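What the coordinates show
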Amino acid sequence: MGISYFNTLTRTVEPFQPLDTEGRRVSLYTCGPTVYNHAHIGNFRAYVFEDLLQRHLEFRGYAVNRVMNLTDVDDKTIRGCRAAGVPLAEFTQPFKKAFFEDLETLRIKKPQHFPEATAANHIERMITMISTLIERGHAYQAEDGSVYFRIRSFPTYGALAHLNLDELRPSGRVASDEYEKENIGDFALWKTWTEADGDVGWDSPWGRGRPGWHIECSAMATGILGPEIDIHCGGEDNIFPHHEAEIAQSECVTGRRFVRLWMHCKHLLVDNQKMSKSLGNFYTLRDLLGKGWTGREVRYVLLSVKYREPLNFTFDGLAAARTALHRLDEWSRRLDEGAGPSAEPLPEDLGLERFGAALDDDLNVSAALGAVFETIRETNKRLDAGTLSPGQIRSLANWRDSIHTVLRLEPEETPIPAEVQSLLDARAAARAAKNWAESDRLREAITALGWTVKDTKEGQKVSPAT
RNA sequence: GGCGGGGUAGCCAAGUGGUAAGGCCGGGCUCUGCAAAAGCCCCAUGCGUCGGUUCGAUUCCGUCCCCCGCCUCCA
């Protein structure tokens, strides 16, 4: 059975069929952050979903070539740099750096390409694309100097979002000063320079200005991955207008089908409400780390719900994630302790294939995790009963390693400090001599150093105090 | 107004036209110098409401009630 994913365009789960059927290569474009502040956990839900997608494809033997763009020029970044009184690049740089750190914290695999919208070659490509669109009648320069895409020239505009453009309700978010446009729905390809832009701007055939948001992605996507892309992802709010616009621009330039498969993840809610600063339920990853939660725990929460379902983020959920991970860790430790050097075949009734099968079914990670925990319970029973050989335990450990190439939920490796280790050695000796008073004293000494020691059947076990 | 998603045990969350995965919490047992941990077992006659189709519905159809998202630069 092959892989199937839900396609936003067709609204059906379809068998996955990349352009390159023989080479097993997949091109993946994912909309990245606008670097005007620290990304919040809602943003990271999308990036974790995309990470799961990439790792699942790799688990199934595909080589994924992924692009994640960085939007480093737009209204917010310009506003930010002007408020800070620094050049644009200087303003966005720390947020770019922070973003990469956050990706690492969440164990998100780094895409091969991180194009920046302001890079000279990309700006150049955007200008070229806009010129082509104007030549072909898909775009026009309005009285205000800006260049707009003529949506009437692209009959399928609205197909991705399944919007009937004639029935659109005017919303308050449409800037009232955009009366120069032929159609209210025409979107900016090139925004002419205004006072508010300060020293941000590039020269173009249409005067000084800056690119619109949508053309950035079209230029970087087709520039790096070519005219046809296998998968394009983003948050559900990107469907319209952003991805709709990308399709229109790209296809009018290349004459090819821009994207074969569109995948979007649902929003994250906090306490069943949309995250917002005014509600006090707005969190960046850094906020959570500051509260003592780990990147792995946050990853678990963001990962554990199917991407097409709304995810309700709560601190109870984070606490549940911590305990669940602990169960995973204990099982993992038992495997390492019991594993022999060479693998032996496992009993077939463990159903290990269910993990991959669940993911093949439109990334049903909840079912996949359910299968993992069922395996944990079943193998724990057999470990208790001693019915697994060291070679079979090795096979289970290998299986565990393989699922972690997708889940990336393995424990943090925290080396035991020498000071703690010497106390542990002394305590082991005291316990062997049944000197309980000394044992308790040493336990307290270890606790004072920030570690927790527990006495198990296999001896002392130490872990960092949480 | 248009389009779409969701309501499953105390919490989170899979799933199926044939009688409810998994995680957390809770209870029990085992192990145990103490403390703790861990492992195992138990924990929804029920799947928002009211109807319909069916031998049989949580699953299909319709009604109604809630919650959430998009509708022109928010992941």
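Structural data are supplied above this passage.
These remarks concern the structure in this document. (Residues numbered from 1 in each chain as written. Chains lettered and ligands numbered in written order. Predicted model: local features only at pLDDT ≥ 70, side-chain atom pairs only at ≥ 80, totals over all residues. Heavy atoms only, no water.)

Concerning the packing of aromatic side chains
- Under the defined criterion, the tally for this structure stands at 21 aromatic pairs.
- Centroid distance Tyr-47 to Phe-99: 5.4 Å. Interplanar angle 80°. Geometry classified as edge-to-face. Here Phe-99 lies in helix 3 (residues 88-105) and Tyr-47 lies in helix 1 (residues 41-59), a separation of 52 residues in the sequence. When sorted by exposure, Tyr-47 lands in the same class as Phe-99, which is buried.
- Through a chain of ring-to-ring contacts, three or more aromatic side chains come together here, namely Phe-44, Tyr-47, Phe-99, Phe-100 and Phe-114.
- Positioned above the aromatic ring of Tyr-62 is the side chain of Arg-24, whose terminal nitrogen or guanidinium carbon lies 4.0 Å from the ring centre.
- Positioned over the ring face of Phe-6 is Arg-308, at 3.8 Å from the centre of the ring. (Phe/Tyr/Trp six-rings, centres within 6.5 Å; stacked < 30°, edge-to-face > 60°. Helix = DSSP H or I, 4+ residues; strand = E, 2+ residues; numbered from the N terminus. Buried < 20%, exposed > 50% of the residue type's maximum accessible area, 1.4 Å probe, protein only. Lys NZ or Arg CZ within 6 Å of the ring centre and 35° of its normal.)

A word on the sheet that holds strand 13 (residues 311-313)
- If you walk across this open sheet you meet the 3 strands as 12-11-13, and the pairing is mixed. Each of the sheet's edge strands pairs with one partner strand only, and the pair in question is strand 12 (273-274) and strand 13.
- Sheet topology note: the strand 11 (residues 268-270)/strand 12 ladder contains 2 bridges and is antiparallel. Its bridge partner lying in strand 12, Leu-269 is registered against Lys-274.
- Those strands touched by helix 1 are strand 11 and strand 13, and its axis lies near 145° from that of strand 11. (Pairing = 2+ DSSP bridges. Contact = heavy atoms within 4.5 Å. Axes fitted to C-alpha atoms, helices over the stretch in contact; angles between N-to-C directions.)

A closer look at the protein's contact with RNA strand B
- By nearness alone, 59 residues border RNA strand B, and Lys-191, Gly-235, Asn-238, Glu-374 and Asp-384 come closest of all.
- Here, RNA strand B places atoms within 4 Å of the protein, and 63% of those atoms are sugar or phosphate.
- Within the backbone of Gly-42, an N or O atom sits 2.8 Å from a base nitrogen of RNA strand B.
- Between RNA strand B and Lys-381 there is a distance of 3.0 Å, counted from a phosphate oxygen to a side-chain nitrogen or oxygen.
- Of all elements in the fold, only helix 1, strand 7 (188-192), strand 9 (229-235), strand 11, helix 9 (315-338), helix 11 (365-385), helix 14 (436-448) and strand 14 (451-456) reach the threshold of two or more residues within the surface near RNA strand B.
- In terms of residue count, the dominant contributor to the surface near RNA strand B is helix 11 (9 residues). (Near = heavy atom within 4 Å. Polar contact = N/O pair within 3.5 Å; in protein donor to acceptor, adjacent residues only side chain to side chain.)

A word on unusual backbone geometry
- Cis rather than trans, the peptide bond between Phe-240 and Pro-241 has omega equal to 5°.
- Position of Pro-241 among the secondary structure elements: in helix 6 (residues 239-254).
- Non-glycine residue Asp-362 carries a positive phi angle of around 55°.
- Positionally, Asp-362 belongs in the loop between helix 10 (354-360) and helix 11.
- Residue Leu-363 is not a glycine yet carries a positive backbone phi of 55°.
- Here Leu-363 shows up in the loop between helix 10 and helix 11.
- Leu-363 gets classed as buried once you look at its relative accessible area, which sits at 1%.

Things to note about the pairing of strand 7
- Counted residue by residue, strand 7 has 4 buried out of 5 residues, so it is predominantly covered.
- Of the pairings in the sheet, the one linking strand 6 (residues 147-149) to strand 7 comprises 2 bridges and is antiparallel in character. Paired with Val-147 across the bridge in strand 7 is Trp-190.
- As defined by bridge partners, strand 7 adjoins strand 8 (residues 209-211) across 3 bridges and the pair is classed as antiparallel.

With respect to helix 4 (residues 120-135)
- An ideal rise of 1.5 Å per residue puts 22 Å on 16 residues; helix 4 measures up with 23 Å between its terminal C-alpha atoms.
- If you check which residues of helix 4 are buried, you get His-122, Ile-123, Met-126, Ile-127, Met-129, Ile-130, Thr-132 and Leu-133.
- The inward-facing, buried residues of helix 4 contact strand 5 (139-141), strand 6, strand 7, strand 8, helix 5 (213-225) and helix 6.
- Following helix 4 by one or two positions, Gly-137 has its phi on the positive side, about 85°. (Expected span 1.5 Å × (residues − 1).)

Comments concerning the packing of helix 1 against helix 12 (residues 390-407)
- Axis separation between helix 1 and helix 12 bottoms out at 7 Å; the angle between their running directions is 140°. As judged from the angle between their axes, helix 1 and helix 12 are oblique. Between helix 1 and helix 12, the contacting residues are Leu-52, Arg-55, His-56 and Phe-59 on the first element and Ser-402, Thr-405 and Val-406 on the second.
- Classifying every residue of the contact of helix 1 with helix 12 by side-chain character gives 3 nonpolar, 3 polar and 1 charged. (Parallel < 35°, antiparallel > 145°, perpendicular 65-115°, else oblique. Nonpolar A, V, L, I, M, F, W, Y, C, P; charged D, E, K, R; others polar.)

So, the state of the cysteines
- What the rule picks out here adds up to 0 disulfides.
- Here Cys-233 stays unpaired: no disulfide links it, and the sulfur of Cys-265, its closest cysteine neighbor, is 8.5 Å away.
- Judged by its relative accessible area of 0%, Cys-233 falls in the buried class. (Disulfide = S-S within 2.5 Å.)

Digging into the pairing of strand 10 (residues 259-265)
- For strand 10, the tally of buried residues reaches 6 of 7 residues, placing the bulk of the element in the interior.
- Relative to strand 10, strand 9 is paired through 6 bridges, and the arrangement is parallel. Paired with Ile-231 across the two strands is Leu-261, which belongs to strand 10.
- Handedness of the crossover is the feature at issue here: the chain leaves strand 9, passes through helix 6, returns alongside strand 10, and the resulting connection is right-handed. (Right-handed = clockwise from strand over helix to strand, strands pointing away.)

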